[in-house]
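Letter by letter, the chains look like this.
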Amino acid sequence: MITELPSGSLIAEAADMIEAAGLTVVSTGAGMSRESGVRTFRGEDGFWREYRAEDLASLEGIRKNPALVWEWYGERLKACQELEPHAGYYALARIQNGKGILPLITQNVDGLHQKAGIKDVIELHGSLRTASCLDCCGAPGVPMTEDLFEELPPRCSCGSILRPDVVLFGEQLPEQALKRAFRLADSCDLMMVIGTSMVVYPASSLPLIVLRRGVKVIEINPEETSLSSLDGTLSLRGAAGSVLPEIVKAVYG
Ligand code: OAD
């Protein structure tokens with residue numbers, strides 16, 4: 001894994017692109033949260049090396065072993081609540097303040113962008129804030145507070161099991177969020193893609209739509225991805241927590 005910073009000229013190029021662009025859109029994945037202590041899904045210490053995605057992040061998994069699934073989400077929720085956004089999050093908030101508008105699309109459910117004061121977060125994979133009934137539908141989101149975890153699995157007032165309001169494998173993404181993400185990919189003047197392995201569709205298709213329109217993409221990731229070498233991508237190989245503050249320094253001093 002590359003840990004040093006990209007060259008000053010690459011940082012300056014990214015800064016120029018951000019300064020020149022009108023509508024800039026950010027798209028983040030699990031790597032954005034890595035330096036705040038959230039584990040990624042893939043890679044050296046990724047979740048999916050230890051657990052099978054189908055056992056934990058699927059409707060079938062919840063129905064088969066709800067207590068295990070809730071134990072896992074309980075741990076993730078607790079971990080996320082205790083975590084603090086790193087400098088890269090505040091750098092994005094600074095860019096948002098500077099530009100006045102910076103829609104941010106994320107695959108993350110940890111709420112760290114919001115914790116750093118970032119507004120207009122489009123959560124493609126849902127969030128850990130609420131849960132809802134597996135069966136009785138229509139029940140509004142139940143806040144995911146500690147008391148929900150006192151007896152596992154937590155249940156709805158109708159007696160059915162609750163499920164976290166995150167997108168599970170095989171499920172559709174939230175329609176409004178998805179529509180807006182595609183609209184932004186179709187209309188932005190620049191997209192910054194941070195900390196995603198580019199393997200999970202449809203988030204992975206967003207920068208490809210942008211590039212196909214002849215619009216530039218800035219990628220920040222310590223590892224090479226399928227996006228890195230495409231025409232129109234400026235690939236900054238480094239960690240979000242150090243690269244983003246450098247870019248902000250170059251833009252705003
Ligand atoms: P992955 O875990 O697949 O990829 C994380 C990416 O972050 C990798 O490309 C790493 O190289 C990169 N990375 C690691 N540390 C970084 C750092 N400090 N700064 C920047 N980048 C870093 O995560 P996603 O692409 O977000 O879906 O995966 C998407 C989805 O896979 C998740 O939302 C989840 C999972 O299955 C669902 O649960 C529906």
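Residues numbered from 1 in each chain as written. Predicted model: local features only at pLDDT ≥ 70, side-chain atom pairs only at ≥ 80, totals over all residues. Heavy atoms only, no water.

**What about the sheet that holds strand E3 (residues 121-123)?**
Pairing between sheet strands relies on hydrogen bonds along the backbone, with the strands arranged either parallel or antiparallel.
Okay, so step 1: Read from one edge to the other, the open sheet built from 6 strands follows the order E3-E2-E1-E7-E8-E9, with strand pairing classed as parallel. Edge positions in the sheet fall to E3 and strand E9 (233-236), since each of these pairs with one other strand and no more. Strand after strand, the sheet turns through a mean of 20° between neighbouring axes, direction not considered.
Okay, so step 2: Note: strand E7 (residues 190-194) against strand E8 (residues 217-220), 4 bridges, orientation parallel. In the strand pairing of E8, Met192 is matched with Ile218.
Okay, so step 3: Docked against the sheet, helix H1 (residues 8-20) engages E7, E8 and E9, running at close to 135° with respect to E9. (Pairing = 2+ DSSP bridges. Helix = DSSP H or I, 4+ residues; strand = E, 2+ residues; numbered from the N terminus. Axes fitted to C-alpha atoms, helices over the stretch in contact; angles between N-to-C directions. Contact = heavy atoms within 4.5 Å.)

**Topic: the domain arrangement of the protein**
Okay, so step 1: In terms of domains, the protein is made up of domain 1 (1-37 + 85-125 + 173-253) and domain 2 (39-82 + 128-166).
Okay, so step 2: One C-alpha centre belongs to domain 1, the other to domain 2, and the line joining them spans 27 Å.
Okay, so step 3: Every contact between the two is made by 13 residues of domain 1 and, on the other side, 11 residues of domain 2.
Okay, so step 4: Here domain 1 meets domain 2 over a buried area of about 990 Å², counting both sides, of which 50% is carbon and sulfur.
Okay, so step 5: Interface area lost by domain 1 to domain 2 is led by Ala30, Arg34 and Val109, which between them contribute 42%.
Okay, so step 6: One can count 1 salt bridge joining domain 1 with domain 2.
Okay, so step 7: Across the pair Glu123 and Arg129 runs a salt bridge whose closest N-O atoms are separated by 2.5 Å.
Okay, so step 8: For the pair domain 1 and domain 2, the interface holds 3 residue pairs in polar contact (both at pLDDT 80 or more).
Okay, so step 9: If you list the elements that add at least two residues to the side of domain 1 that touches domain 2, you get helix H2 (30-34) and helix H8 (112-115).
Okay, so step 10: Ranked by residue count, the leading element in the side of domain 1 that touches domain 2 is H2, at 3 residues.
Okay, so step 11: For the side of domain 1 that touches domain 2, the class distribution of residues is 4 nonpolar, 5 polar and 4 charged. (Domains from an automatic or database assignment. Buried area = accessible area lost by both parts, 1.4 Å probe. Salt bridge = Lys/Arg side-chain N within 4 Å of Asp/Glu carboxyl O. Polar contact = N/O pair within 3.5 Å; in protein donor to acceptor, adjacent residues only side chain to side chain. Nonpolar A, V, L, I, M, F, W, Y, C, P; charged D, E, K, R; others polar.)

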